[in-house]
Amino acid sequence: MDAATLTYDTLRFGEFEDFPETAEPVWILGRNFSALTEKDEILSDVSSRLWFTYRKNFQPIGGTGPTSDTGWGCMLRCGQMILAEALVCRHLGRDWRWHGGQRQREEYVSILNAFIDKKDCYYSLHQIAQMGVGEGKSIGQWYGPNTVAQVLKKLSVFDSWSRLAVHVAMDNTVVIEEIKRLCMPWLDYAGAACSEPEPDPQRGLNGCLEGACAMAVEEMVLWKPLVLLIPLRLGLSDINEAYMETLKQCFMLPQSLGVIGGKPNSAHYFIGFVGEELIYLDPHTTQVAVEPSHDGQVPDDTYHCQHPPCRMNIRELDPSLAVGFFCQTEEDFDDWCMRIRKMSCSREALPMFELVDSQPSHYASADVLNLTPGQCPPHHHHPKQIHILIHIHKGQTNESHSAQASEPRPASGHIAARIQAFSVCI
């Protein structure tokens, strides 16, 4: 048997350890558990997450392409998992639980069908791989977190059932105004009624011909549920210790969708932590592709991790990753902003990204981007903004900020940039 296609059940089940007997809390996607008294609840929560792994014997991608994603599709599968978690929260709620061997709710079946390995499913491997060509990735090439986030954003436009607003925050900055415009398309912000382009009306996915923005006036909602993905680079070759506590705090937020990242060329979907260990679902096992039945039901046992999840020390994490959050309502988003601002005021951890009310006008300013070392930005800028400007100058002036941008540049110079800003300008 090819070692690349061995499954956990046949090879690696013995490697999985139960949760340690520790009084430290176990955090999983915004929920707090005790490893001493709630192990069954922990495993139930983990097994209720949709688990996407390598598959084989599916339809050739593009008609003549690969029939398996073993060895190259792990980040694509992690992208599927973080988006599937958003869809579960959207349609079933965060506290929904999966029970094997039972007939499942229609909403669950619809979610799972969107990820089946077939060319006409919204978020199938086929769709992600082919959409990735527009991001400069050939079919069969390994993705980074930013690339898969950009692809998921594009594919979500065609999901008229979920009507998600997927926002990928670039440059380590979340702009509240941009998100409000995206999630409330009925608002007339700068004449933009809808921030996403209209999809091709001839393109049908899962039998649906309309896109997320092509809705009738009577169908307009006050808030489109938000999936916020933030690609980050938290160090050079290793994660900067200054960000570790902040990253762990993200799993404690009720809006958490987890983190996609891992080790070099080996992606994982991180869903929580206990102590200094991150808890994750691993896509690196190859299973046979599943075919839905005539009534749409899917044999789903292989889409749920029914053994204790993997764990790794946070210091082993590759610095290139993307954090995700889901806000069902505007109140959820406002609450998230409040919590992020509170985290930013903590002296125990360094913020991983900036949260600002509106897009700073100086982002595209030539006098800022052309600063030379030791030169101070114009004095009308706020000191907190000076730190942002120097960070851009030091690390991102040579990077394209378009949807086809490469993975985010390192943020390990974050502290040094802040110190330099204040020493030069004060």
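It should be emphasised that the depicted structure is a prediction, and the values quoted were computed from it without experimental measurement.

### Quick look at the overall build of the protein
Link 1 in the chain: Helices and strands together make up the secondary structure of the protein, namely 12 helices and 13 strands.
Link 2 in the chain: Looking at the protein as shown, the accessible area adds up to about 18,200 Å², and 51% of this sits on carbon and sulfur atoms.

### Description of the pattern of salt bridges
Link 1 in the chain: For the structure shown, the criterion picks out 21 salt bridges.
Link 2 in the chain: Here glutamate 21 makes a salt bridge to lysine 39, at a shortest N to O gap of 2.7 Å. Placement of the pair is glutamate 21 in the loop between α1 (8–12) and β1 (25–28) and lysine 39 in helix α2 (residues 39–47), with a sequence separation of 18 residues.
Link 3 in the chain: Glutamate 291 is paired through a salt bridge with lysine 118; the nearest N and O atoms lie 2.9 Å apart. Of this pair, glutamate 291 sits in the loop between β10 (286–288) and β11 (310–313) while lysine 118 sits in the loop between α4 (106–113) and α5 (125–131), and the two are 173 residues apart along the sequence.
Link 4 in the chain: Residue classification places lysine 118 among the buried positions, given a relative accessible area of 18%.

### A short note on the pairing of strand β8 (residues 266–274)
Link 1 in the chain: The buried fraction of β8 amounts to 9 of the 9 residues, a majority that puts the element mostly inside the structure.
Link 2 in the chain: Note that β1 and β8 share 3 bridges and pair antiparallel. Pairing of valine 26 across the sheet is with valine 274, part of β8.
Link 3 in the chain: Examined bridge by bridge, strand β7 (residues 256–263) and β8 share 5 bridges and lie antiparallel to one another. Residue pairing across strands places valine 259 opposite phenylalanine 270, the latter belonging to β8.
Link 4 in the chain: Between β7 and the antiparallel strand that follows it, β8, lie 2 residues; asparagine 265 among them carries a positive phi value of about 60 degrees.
Link 5 in the chain: As judged from the 5 bridges shared by β8 and strand β9 (residues 277–281), these two strands associate in the antiparallel manner. By the bridge assignment for β9, phenylalanine 273 is matched with leucine 278.
Link 6 in the chain: What sits between the antiparallel neighbours β8 and β9 is a turn of 2 residues, in which glycine 275 has the positive phi angle 60 degrees.

### Observations regarding the environment of threonine 173
Link 1 in the chain: On the secondary structure map, threonine 173 appears in strand β5 (residues 173–175).
Link 2 in the chain: Along the primary structure threonine 173 and glutamine 359 are separated by 186 residues, whereas in three dimensions their C-alpha atoms are 9.1 Å apart.
Link 3 in the chain: Within the structure, threonine 173 has its side chain in polar contact with the backbone oxygen of aspartate 171 (distance 2.9 Å).

### Details of the packing of helix α7 (residues 176–183) against helix α9 (residues 330–344)
Link 1 in the chain: Axis separation between α7 and α9 bottoms out at 12 Å; the angle between their running directions is 165 degrees. When the interaxial angle is binned, α7 and α9 end up roughly antiparallel. The two elements α7 and α9 meet at a crossing, and its hand is right-handed. Across the interface between the two elements, Ile176, Ile179 and Lys180 of α7 pack against Glu330, Phe333, Asp334, Cys337 and Arg341 of α9.
Link 2 in the chain: Of the residues in the contact of α7 with α9, the class split is 4 nonpolar, no polar and 4 charged.

### Brief notes about the confidence of the model for the protein
Link 1 in the chain: Looking at the protein as a whole, the pLDDT averages 80, with 73% of positions reaching at least 70.
Link 2 in the chain: Overall, residues 1–14 carries pLDDT values under 50, and its contacts beyond four positions in sequence, including any with other chains, amount to 21 contacts.

### Some thoughts on the packing of aromatic side chains
Link 1 in the chain: Inspection of the entire model under this criterion finds 11 aromatic pairs.
Link 2 in the chain: Site record: aromatic cluster; members linked through ring pairs are Phe52, Phe115, Tyr122, Tyr123 and Tyr303.
Link 3 in the chain: The lysine or arginine in question, arginine 55, covers the ring of tyrosine 303, its NZ or CZ lying 4.3 Å from the ring centre.

### As for the environment of threonine 37
Link 1 in the chain: Within the secondary structure, threonine 37 sits in the loop between β2 (31–34) and α2.
Link 2 in the chain: Polar side-chain contacts of threonine 37 include one of 3.3 Å to the side chain of serine 34.

### Brief notes about the packing of helix α3 (residues 74–91) against helix α6 (residues 145–156)
Link 1 in the chain: Where α3 meets α6, the axes come as close as 10 Å, and the angle between the chain directions of the two elements is 50 degrees. It follows that α3 is oblique to α6 by the angle criterion. Two packed elements cross with a definite hand, and for α3 against α6 that hand is right-handed. The residues of α6 that touch α3, namely those facing Met75, Leu76, Gly79 and Leu83, are Pro145, Val148 and Leu152.
Link 2 in the chain: Classifying every residue of the contact of α3 with α6 by side-chain character gives 6 nonpolar, 1 polar and no charged.

### Observations regarding the side chain of glutamate 85
Link 1 in the chain: Along the chain, glutamate 85 falls in helix α3.
Link 2 in the chain: Excluding anything up to four places from it in sequence, glutamate 85 contacts Leu29, Arg49, Arg94, Leu257 and Tyr269.

Conventions we followed
Residues numbered from 1 in each chain as written. Predicted model: local features only at pLDDT ≥ 70, side-chain atom pairs only at ≥ 80, totals over all residues. Heavy atoms only, no water. Helix = DSSP H or I, 4+ residues; strand = E, 2+ residues; numbered from the N terminus. Areas by Shrake-Rupley, 256 points an atom, 1.4 Å probe, with all protein chains shown as cover. Salt bridge = Lys/Arg side-chain N within 4 Å of Asp/Glu carboxyl O. Buried < 20%, exposed > 50% of the residue type's maximum accessible area, 1.4 Å probe, protein only. Pairing = 2+ DSSP bridges. Polar contact = N/O pair within 3.5 Å; in protein donor to acceptor, adjacent residues only side chain to side chain. Axes fitted to C-alpha atoms, helices over the stretch in contact; angles between N-to-C directions. Parallel < 35°, antiparallel > 145°, perpendicular 65-115°, else oblique. Left-handed = near helix turned anticlockwise from the far one by under 90°. Contact = heavy atoms within 4.5 Å. Nonpolar A, V, L, I, M, F, W, Y, C, P; charged D, E, K, R; others polar. pLDDT = per-residue confidence, 0-100. Phe/Tyr/Trp six-rings, centres within 6.5 Å; stacked < 30°, edge-to-face > 60°. Lys NZ or Arg CZ within 6 Å of the ring centre and 35° of its normal.

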